[in-house]
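Coordinate inspection notes
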Amino acid sequence: MENVKPVQKQIEDWGYLVSDENGIVMGVSPGFCQQFSVKQSELADVPIDHVIQGIPLKNYKQSFGRKPVIFGLVFGYACLIRVTQELNHNLYHVILRVDEVDRSEIISFANALDKPKVKKEARNSSRYSFEEITGESQAIAQIKELAARIATSNSTVLITGESGTGKELFAQAIHELSSRKSHPFVAVNCAAIPDELFESEVFGYEAGAFSGAKKEGKPGKIEQAQNGTLFLDEISELTYQAQGKLLRVLQEREVERLGGTGSKLVDIRIVAATNRDLKTLVQEGKFRQDLYYRLYVFELKIPSLRQRKEDILPLTYHFIDEFNEKLNQNVKYIEPELQEWILNHEWPGNIRELKAYIEREMNMVDGPTLAVHSLYMPLILNRADEQSESNESTLLSLVEEVRKAEVSAIARALRECDGNRTLAAQKLDIHLASLYRKIAKYNLK
Ligand SMILES: Nc1ncnc2c1ncn2[C@@H]1O[C@H](COP(=O)(O)OP(=O)(O)O)[C@@H](O)[C@H]1O
Ligand SMILES: [Mg+2]
């Protein structure tokens with residue numbers, strides 16, 4: 001551990017890069033070229049993500065003001081990079097190059113830099129429930145803001161967004177922020193209750209309403225939510241008949257139990273959610289237009305995770321923390337390769353999928369590093385193999401032959417080292433940085 005230097009002492013100027021608004025390198029400082037042994041001309045017009053990896057540079061756009069220091073790889077070297085955005089260009093200032101320092105230290109350092117300076121207690125205490133909604137993107141900040149504003153009213157809210165984007169979480173947060181928070185939050189999944197049970201479950205029933213009914217009758221979910229919030233999840237799945245009954249509740253604020261003779265006044269706030277486009281369903285005659293208008297008082301649109309890539313890493317760390325505790329693990333950092341994969345994955349199942357993925361990895365991990373699971377390595381390696389496949393009979397240009405030979409040697413080294421780039425570089429007897437450079441150059445990922 002002798003040569004491990006404390007992180008803070010290493011901060012110095014490692015030079016900088018400038019890219020245009022499309023992420024193409026426009027300029028580079030001589031210091032940068034010297035530190036990373038590259039020529040200025042080699043970097044001209046290169047996409048920035050060929051130089052700096054591990055962060056969604058192009059998608060960061062507006063959020064730089066909030067997170068100026070990011071962790072990334074510059075030619076394979078772990079670095080902290082301060083990013084500033086000017087009118088039509090970005091400046092990437094490498095403030096720390098961390099060849100010898102233990103990576104976990106860097107990550108905790110980077111995380112500390114990232115943490116918002118505002119302490120929880122300093123915030124309005126009623127906003128506490130939103131603390132659980134992790135995300136740094138502007139989109140999510142705006143939605144939180146809007147949700148906080150409408151939470152205090154009694155208006156109906158419709159939350160839309162793909163499955164797994166956090167609609168239920170927002171519904172709960174809205175309840176927690178409202179004056180109804182000491183009363184029940186009752187969730188009904190309209191897709192999960194069989195049609196024939198729906199009415200009795202939601203509207204309740206009187207004694208003897210049907211055979212098999214409880215003797216004394218039963219209040220439905222609507223009554224259970226009295227003075228609180230009724231969350232109607234997947235509302236598009238309601239039958240036409242149930243839609244009509246629900247409309248009455250919304251209009252008259254009263255509920256009639258099955259088999260009942262009178263109705264009861266209810267004071268509930270309705271929050272509904274859907275991942276389908278209700279407007280289209282109305283046009284197709286599957287959803288009542290009158291109910292649609294009753295629900296569309298306020299719409300909260302939750303963007304997919306693909307549309308807010310800046311949230312991926314904060315969420316990843318959030319779930320790592322969560323599963324560290326639950327599974328008694330001690331994961332501190334993520335391998336840059338895995339970080340890159342996580343950032344580039346499409347996440348069709350959104351946050352639910354990301355959470356499930358992290359949970360799976362956290363169950364298998366051994367030690368403090370979450371690394372690329374062998375499952376994903378074949379994807380990377382096959383690509384290299386494909387590229388090295390070529391027509392044996394014709395001699396190509398020297399450049400092409402060299403490229404072919406390099407690609408196949410790199411692919412083989414990576415394969416033999418199970419994708420571990422440090423070992424592969426040793427095997428090939430080249431510097432790790434040049435291995436990264438070649439992987440980027442030949443687009444081996
Ligand atoms: N912004 C977020 N921060 C932390 N966890 C989240 C966030 N959004 C969603 N989750 C988690 O992801 C999972 C799916 O969220 P959920 O609200 O059920 O999505 P939806 O109702 O849109 O399908 C839940 O486990 C939830 O706790
Ligand atoms: Mg849901």
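Here the structure is shown first, and the text comes after it.
Since the structure is predicted, the reported quantities are computational estimates derived from the model, not experimental observations.

It is worth spelling out the overall build of the protein at this point. Each helix and strand counted, the protein has 19 helices and 17 strands in total. The buried share of the protein, reckoned over its 445 residues, is 46%. Sequence separation of at least 24 residues holds for 65% of the intrachain contacts in the protein that already meet a minimum separation of 6. Accessible area of the protein: about 22,800 Å², with a carbon and sulfur share of 48%.

It is worth spelling out the pattern of salt bridges at this point. Under the counting rule described, the total for this entry stands at 19 salt bridges. Of the charged contacts, one joins Arg180 and Asp267 as a salt bridge, the two residues approaching to 2.7 Å between their closest N and O atoms. Of this pair, Arg180 sits in the loop between α7 (167-177) and β8 (185-189) while Asp267 sits in the loop between β13 (264-265) and β14 (269-274), placing them 87 residues apart in sequence. For Asp267, a relative accessible area of 38% gives the class partly exposed. The residue Glu254 makes a salt bridge to Arg248 at a minimum N-O spacing of 3.2 Å. Taking the relative accessible area as the measure of exposure, Glu254 reaches 21% and is therefore partly exposed.

Of all the 5 residues making up strand β11 (residues 229-233), 5 are buried; the element is thus mostly covered by neighbouring parts of the structure. Across the two faces of β11 the burial is the same, with Thr229, Phe231 and Asp233 and Leu230 and Leu232 all buried. As defined by bridge partners, β11 adjoins β14 across 4 bridges and the pair is classed as parallel. Note that in β14 the partner of Thr229 across the bridge is Arg269.

One pass over the structure, following the stated rule, counts 7 aromatic pairs. An angle of 40° between the planes, with centres 4.7 Å apart, marks the rings of Phe32 and Phe36 as tilted. For the pair shown, Phe32 and Phe36 are each scored as buried. Both rings, one in Phe185 and one in Phe231, keep their centres 5.9 Å apart while their planes meet at 20°; by these two values the pair is stacked. Taken together, the residues Phe185 in strand β8 and Phe231 in strand β11 connect sequence positions 46 residues apart. Put simply, the rings of Tyr292, Tyr293 and Tyr296 pair up and form one aromatic cluster. When the ring centre of Phe203 is taken as origin, the NZ or CZ atom of Lys245, which lies over that ring, is 4.7 Å away.

The rules we used
Residues numbered from 1 in each chain as written. Chains lettered and ligands numbered in written order. Predicted model: local features only at pLDDT ≥ 70, side-chain atom pairs only at ≥ 80, totals over all residues. Heavy atoms only, no water. Helix = DSSP H or I, 4+ residues; strand = E, 2+ residues; numbered from the N terminus. Buried < 20%, exposed > 50% of the residue type's maximum accessible area, 1.4 Å probe, protein only. Contact = heavy atoms within 4.5 Å. Areas by Shrake-Rupley, 256 points an atom, 1.4 Å probe, with all protein chains shown as cover. Salt bridge = Lys/Arg side-chain N within 4 Å of Asp/Glu carboxyl O. Pairing = 2+ DSSP bridges. Phe/Tyr/Trp six-rings, centres within 6.5 Å; stacked < 30°, edge-to-face > 60°. Lys NZ or Arg CZ within 6 Å of the ring centre and 35° of its normal.

So far we have only geometry, and geometry alone does not tell us how the molecule works.
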